[in-house]
Structure formats: structure tokens, C-alpha cells
Amino acid sequence: MYEIKKSKALAGNPDIKDVFTTQNGTAYAKIAMRGLLDGDAVNYDGETDITATSTKTFEQGVVVVGRAKAWEEKDFSYDITGGVDFMQNIANQVGEYWDGIDQDTILATLDGVFNMTGKANEMFVDKHTYDVTEKNEGKMTATTLNSAANKACGANKKKFSLVFMHSDVATNLENLNLVAHLKYTDKDGIQRDLDLYTWNGKLVVTDDDMPTVEQEGFYIKATAVTEGAKKVVADTVESPAANEIKVSDVTPVAESYESPAEGDYVTFVEPFTEYTTYILGNGSISYEDIGAKVPYEMQRDAKTKGGVDRLYTRQRKVFAPFGISYEKAVQKTLSPTDDELKNGKNWSLVHSGEDVAANRSYINHKAIPIARIKSRG
């Protein structure tokens, strides 16, 4: 579990570390993101002038996410169990607990990125989302990963290296022989399977923290030979045949099915669990532990409940997706909540910073190795 937090998708960023180290008390900052080379080459023929262009420096907003938690145990618990040290048990689990909190922060951040609004941002969301819930049986096939990567980044699809998916999705792919276990040989020479797969050369990691949403059923467009298909007829038809359905009864419909019309054929997709699979590149999320003045401290309360020991913990960290800026548009305090991180209004593609959106230059979305696949398994 918590596999994104532990993976190579996270990489240190010295610019982020520097800005929050040198500016005491800062919880939000804009950092320069180096422009990417672009433009057309000229013909080198001894006659054509070589024209020079410069890269634009983009601005990326980054925010420090602060979280705190405390645990307590009573002396009485220690006494009645014959000396079992509950506080030591808590201490042994603190690291894993914070890995889980960090994973929640990362998933909330990715959720917010794919909730972005505005013309350039919505193009990113559309191009970097590959939805197969309305196709075939709604499950991934042999071509899904390659098609999703190509839709997102085109020729840059090679930047993708990691796939994070729910175990249900991984099991479906394994049943189709589309993924293979990585193996290792132990000290006795016995080969064993790791809980890691490869799919089209990319490392696949299963993690049941990946997002799932229970979706209502809907109608999708079909053909006359589709199993269970019904022909759409006018509402004036008093008694539709068993293989017919009135226009007004074709509801709800899939997002891609704009408007059912007479003569169409439709089939109904039963309610299902929608799984989100993330495809990321190495270093696609910048990560820095900014630190707290007192990350851990113990407090002894001799009076309460006959004596209580409390462990207080605090942390401040930055998780900044490559090419995506945190704009702090909707944030009540100095640290964003998970719900605020999920708010698409707080995120935007990195841009050149002009006040008027129409004058901005945005980073090429194909340079951002972050994408998602939606499926029914």
C-alpha cells in the first residue's frame, strides 16, 4: 500500500527546497520553471539566416501541506495488561501512518489536477484521460495503455514509466495474460514472484488506495447486432416491442452519447464500479519535506484519567505535479485541506504569468507525464 508515495514518481526539487528554506514562514510560493525548447529549424544551406528564439520562463505555484496528529494511552491500560507498552506500539506504526496520509495528499492532488477548468486546462484533462467505461465491456484490453499514453503525450509517451492500479484491475489484466510478475531469486536459488508487474514495458504497481467510484448505469449507443440492443422509437409509439425503447426512456446516457434519436440502437450498462488508474513518469511529482519546528513530542498528563501519555506529531510537505501550478484560488488557511486540493479551481497548467489569460503561454501538455485511465475493471 501507499505505493505512489514510495515510488520513483516522486523526486526532489532543489528550487522548492530553497524557496521554503530561505523564506521563513512561507507556506506558498511561485517558483520559476525553465521554459522548454521549441520552434522550427531553418534550412542550413549557406543562404538562409539562422533565427534565434528564446525560451519563456513559466511560473509554478507550490503550496506546503501541513498535517498534525496525536495519540494517547492511559496508564491504566498498561497496568491491566501486565505491562504491555501501548505507546511503543503507536511509535512503531507512526511512519506507516504518515505514508498513508501522504498517499491521501497525492491522490487528492491528482484528483484536483483532473478537475481543472478553463480552456487550456480542460484540454489537458481531456487529452490525459482515457475512458473505456463506455467501450466493449468497459475493461482494459491489450491496447489500452498504449492508446492512453499516446493520447496524452503523443511521441512523448515514452516518458511514462509507472502504472498504479487497483488490484481488481490488475487481476483482470493478469487473467488476460497482459501483465507479467517480476521475479527474484532468493538465497536458496528459488525463483519467486514479486507483487510487481510489467505491462508494455512499464512497471505496474497494485494499490487498493487507487480511486474507485460507484456509478449508476447508463445507455450507450449500439448497433442492431449488439447483444441486448434496443431500437429507439418515437414517444408516440403506444406499445414498443420487446426490442424497442421510447426516446424519453433512454436515460441516463453516457457522456459521449449526446442525444438519442429515433432509429438509434442502444444498450444499457448496468451500475458498476469505476476504477481510476494513474500513469506517471519518473519524477512527475516534485516532493520535498519542509519540516516542522517540533515534528514529534511527548506530553505527560498525570491528572487526566489516572495518567495519560500523549504523542504529538506534525509535518509540512510539498507535492507539486510537473507542469501543474497550484493557484491558491480557494483556500481558507495557510495549509490546504484534502477537499481544497481536490478543487480544480486551485490548479492550472503552468503558464507565463500574464494577468489576462488570453495573453498567457502555457506549457505544452504533451510534456507532462501524468495521465489516467477510467475503466470498469
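Computed from a prediction, not measured in an experiment: that's the story for all the values here. (Residues numbered from 1 in each chain as written. Predicted model: local features only at pLDDT ≥ 70, side-chain atom pairs only at ≥ 80, totals over all residues. Heavy atoms only, no water.)

1. Some points on the packing of aromatic side chains
If you walk through the whole model with that rule in mind, you get eight aromatic pairs. Between Phe 114 and Tyr 278 the ring centres are 6.2 Å apart and the planes differ by 35 degrees, which places this aromatic pair in the tilted class. Taken together, the positions of Phe 114 in the loop between α4 (86-113) and α5 (119-127) and Tyr 278 in strand β15 (residues 272-281) put the pair 164 residues apart, joining distant regions of the chain. Given a relative accessible area of 4%, Phe 114 falls into the buried group. (Phe/Tyr/Trp six-rings, centres within 6.5 Å; stacked < 30°, edge-to-face > 60°. Helix = DSSP H or I, 4+ residues; strand = E, 2+ residues; numbered from the N terminus. Buried < 20%, exposed > 50% of the residue type's maximum accessible area, 1.4 Å probe, protein only.)

2. So, a nonpolar patch on the surface
On the surface, Val 42, Tyr 44 and Ile 50 cluster together into a nonpolar patch covering about 400 Å² of accessible area. When its relative accessible area of 76% is taken as the criterion, Tyr 44 is described as exposed. (Patch = residues over 30% accessible without salt bridge, like charges linked within 9 Å, V, L, I, M, F, W, Y side chains within 5 Å. Areas by Shrake-Rupley, 256 points an atom, 1.4 Å probe, with all protein chains shown as cover. Salt bridge = Lys/Arg side-chain N within 4 Å of Asp/Glu carboxyl O.)

3. Section: the sheet that holds strand β12 (residues 230-233)
Spatially, four strands are ordered β11-β14-β12-β13 in an open sheet, and the strand pairing comes out mixed. Strands at the two margins of the open sheet, each flanked by one partner only, are β11 (218-222) and β13 (244-246). Direction aside, neighbouring strands of the sheet carry axes that sit 45 degrees apart on average. In terms of strand pairing, β12 meets strand β14 (residues 265-269) through two bridges, oriented antiparallel. Note on β14: the bridge partner recorded for Lys 231 is Tyr 265. (Pairing = 2+ DSSP bridges. Axes fitted to C-alpha atoms, helices over the stretch in contact; angles between N-to-C directions.)

4. What about the pattern of salt bridges?
With the rule as written, the count across this model stands at six salt bridges. The salt bridge involving Asp 99 is made with Lys 5; its shortest N-O contact spans 2.9 Å. Note that Asp 99 is positioned in helix α4 and Lys 5 in helix α1 (residues 3-6), a separation of 94 residues in sequence. Taking the relative accessible area as the measure of exposure, Lys 5 reaches 13% and is therefore buried. When the shortest N-O distance is used, the salt bridge between Asp 338 and Arg 67 registers 3.0 Å. Taken as a pair, Asp 338 in helix α8 (residues 338-342) and Arg 67 in strand β4 (residues 65-74) lie far apart in primary sequence, 271 residues in all.

5. Quick word on the nonpolar core
Counting 35 residues, the largest nonpolar core has Ile 4, Leu 10, Met 116, Phe 124 and Ile 324 as the members making the most contacts within it. Broken down by element, the residue count for this core peaks at five residues, all from α4. Ignoring sequence-local partners within four residues, the contact set of Met 116 consists of Asn 121, Glu 122, Phe 124, Val 125, Ile 324, Gly 344, Trp 347, Ser 348 and Leu 349. Residues Cys 153, Val 169, Tyr 197 and Ala 371 belong to the second largest nonpolar core, which totals 22 residues. (Core = buried A, V, L, I, M, F, W, Y, C linked by side-chain atoms within 4.5 Å. Contact = heavy atoms within 4.5 Å.)

6. A word on α5
Helical geometry note: an α-helix holds 3.6 residues per turn, so side chains three or four residues apart project in the same direction. The set of residues buried in α5 consists of Asn 121, Phe 124 and Val 125. Projected down its long axis, α5 shows its buried positions confined to an angular sector of 95 degrees, all on one face. (Arc of directions from axis to C-beta.)

7. As for the pairing of β11
For a regular strand, side-chain orientation follows a simple rule: the groups alternate between the two sheet faces. Of all five residues making up β11, four are buried, and the element is well covered by its neighbours. Taken together, the five bridges between β11 and β14 define a ladder with antiparallel strand orientation. Residue Phe 218 lies in a different strand from β14, and its bridge partner there is Val 269.

8. Some points on empty space enclosed by the protein
The final tally for this structure, using the stated rule, is one cavity of 30 Å³ or more. Approximately 40 Å³ is the volume attributed to the largest cavity. Surrounding the largest cavity, Gln 60, Gly 61, Val 62, Val 63, Val 318, Phe 319, Ala 320, Pro 321, Ile 324, Tyr 326 and Trp 347 form its lining. Going through the elements one at a time, β3 (58-63), β18 (308-321) and β19 (324-326) are the ones with two or more residues in the lining of the largest cavity. Of the residues that constitute the lining of the largest cavity, the class distribution is nine nonpolar, two polar and no charged. (1 Å grid on protein atoms, 1.4 Å probe; cavity = no way out; pocket = protein on both sides within 12 Å on 5 of 7 lines; lining within 4 Å. Points joined across faces, edges and corners; volume = space filled by probe spheres on them. Nonpolar A, V, L, I, M, F, W, Y, C, P; charged D, E, K, R; others polar.)

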